[in-house]
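# Observations on the model geometry
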Amino acid sequence: MSRIIVFGAGGRAGRAAVTEARSRGHRVTAVVRDPAGHAGLSAADGVRTVAGDVTRADDVARLSAGHDAAISAVHDPAARPEAFFTGASRALLDGLERAGVHRLVGVGLASVLETASGDLLMDTPGYPQKYHAFYLGHAAGTDVLRTAAAGPDWLVLSPAGDFDHGGARTGGYRTAPAEATSRISYADFAIALLDEIDAPRHHRTHVGVEAG
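A brief report on the enclosed structure follows. (Residues numbered from 1 in each chain as written. Predicted model: local features only at pLDDT ≥ 70, side-chain atom pairs only at ≥ 80, totals over all residues. Heavy atoms only, no water.)

### What about helix α2 (residues 57-64)?
Here is the rule: Here the term buried applies to any residue with accessible area under 20% of the maximum for its type, exposed to any over 50%, and partly exposed to those in between, with areas from a 1.4 Å probe on protein chains only. Numbering of helices and strands runs from the N terminus, with a helix taken as a DSSP run of H or I at least four residues long and a strand as a DSSP run of E at least two residues long. Contacts are assigned to residue pairs with any non-hydrogen atoms lying within 4.5 Å of each other.
Among the 8 residues of α2, 6 are classified as buried, and the element is accordingly described as predominantly covered. Listed in full, the buried residues belonging to α2 are Ala 57, Asp 59, Val 60, Ala 61, Leu 63 and Ser 64. Tucked inside the fold, the buried residues of α2 contact β1 (3-7), β2 (27-32), β3 (47-51) and α3 (81-99). In the stretch just after α2, Gly 66 is the one whose phi turns positive, near 85 degrees.

### Regarding unusual backbone geometry
Despite not being glycine, Arg 204 shows a phi value in the positive range, around 50 degrees. With respect to the secondary-structure elements, Arg 204 resides in the loop between α5 (186-198) and β10 (206-211).

### Overview of helix α4 (residues 132-146)
Our working definition: What a helix is expected to span follows from its residue count: subtract one and scale by 1.5 Å.
Compared with an ideal rise of 1.5 Å per residue, which puts 15 residues at 21 Å, α4 spans 21 Å between its outermost C-alpha atoms and is within 8% of the ideal. Three or more residues of α4 are buried, namely Tyr 135, Gly 137, His 138, Ala 140, Gly 141, Thr 142, Val 144 and Leu 145. Contacts from the buried residues of α4 go to α3, β5 (103-107) and β6 (153-159).

### A look at the packing of helix α1 (residues 12-23) against α5
Basically, it comes down to this: Interaxial angle, 0 to 180 degrees, is taken between N-to-C directions of lines fitted to C-alpha atoms, where a helix line uses only the stretch in contact. Angle categories: roughly parallel below 35 degrees, roughly antiparallel above 145, roughly perpendicular from 65 to 115, and oblique for all the rest. Handedness of a crossing follows from how the near helix is turned relative to the far one, being left-handed for an anticlockwise turn of less than a right angle and right-handed for a clockwise one. Residue type decides the class: Asp, Glu, Lys and Arg count as charged, Ala, Val, Leu, Ile, Met, Phe, Trp, Tyr, Cys and Pro as nonpolar, and the leftover types, Gly among them, as polar.
Relative to each other, α1 and α5 sit at 60 degrees, their axes nearing to 8 Å. One way to sum up the angle between α1 and α5 is to call them oblique. With respect to the hand of their crossing, α1 and α5 are arranged in right-handed fashion. Contacts between α1 and α5 involve Arg 12, Ala 13, Ala 16, Ala 17, Glu 20 and Ala 21 from the first element and Tyr 186, Ala 187, Ala 190, Ile 191, Leu 193 and Leu 194 from the second. Its residues placed into classes, the contact of α1 with α5 shows 10 nonpolar, no polar and 2 charged.

### A closer look at the nonpolar core
Our working definition: Here, nonpolar core means buried Ala, Val, Leu, Ile, Met, Phe, Trp, Tyr and Cys residues that are tied together by side-chain atoms lying within 4.5 Å of each other.
Val 18, Ile 71, Leu 157, Phe 189 and Leu 193 are the most contacted members of the largest nonpolar core, which totals 31 residues. Of all elements in the fold, only β1, α1, β2, β4 (69-72), β5, β6, α5 and β10 reach the threshold of two or more residues within this core. With 7 residues, α5 is the single largest residue contributor to this core. Look past the residues within four positions of Val 18 in its chain and what remains in contact with it is Val 6, Ala 9, Val 28, Ala 30, Leu 41 and Val 47. Of all hydrophobic cores here, the second largest spans 25 residues; its members include Ile 5, Val 74, Leu 104 and Val 144.

Have a look at this one:
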């Protein structure tokens, strides 16, 4: 049994990660902005819900002390994407290192994942550009991790295309390059997240997964 801290535990990917972690017997600290709005998280035995700001290294260090691994599934719709994702990456690198947490798995974005041809998905013909700034913000956050000289062993994991928002848990997944039509359920994505904590296979890179 490990102790895992999940930043952004109130979102769909974060909640799925909490559920999968508990199903494996791990103890979980679920970090959200306002625990009063997420009472259901602490209803599960072995889950502690706390308030925290992922862009503050002191918060990350304080909350992560005593944990074995961290998952980051964060998003702030009120913040500028580049400022938020780079700030979160810097705070996680600093705070987790201070706390002695050696593994970080972040939830990424398929838009900035390479396709089989080597192009980023967001640069392929016909790909929606409405959220271009959001795509670039995610990419900037990952670049902070890539260029870090210290900090935890990290991985960014994303759907190879998008989430199947109504999809059920099948228990399977596979790694894949970016493809706009690819889908994976939140529950199966959470399996991939926890597999990369329980038995890490990928390091310091961005990997896509799809239903398998």
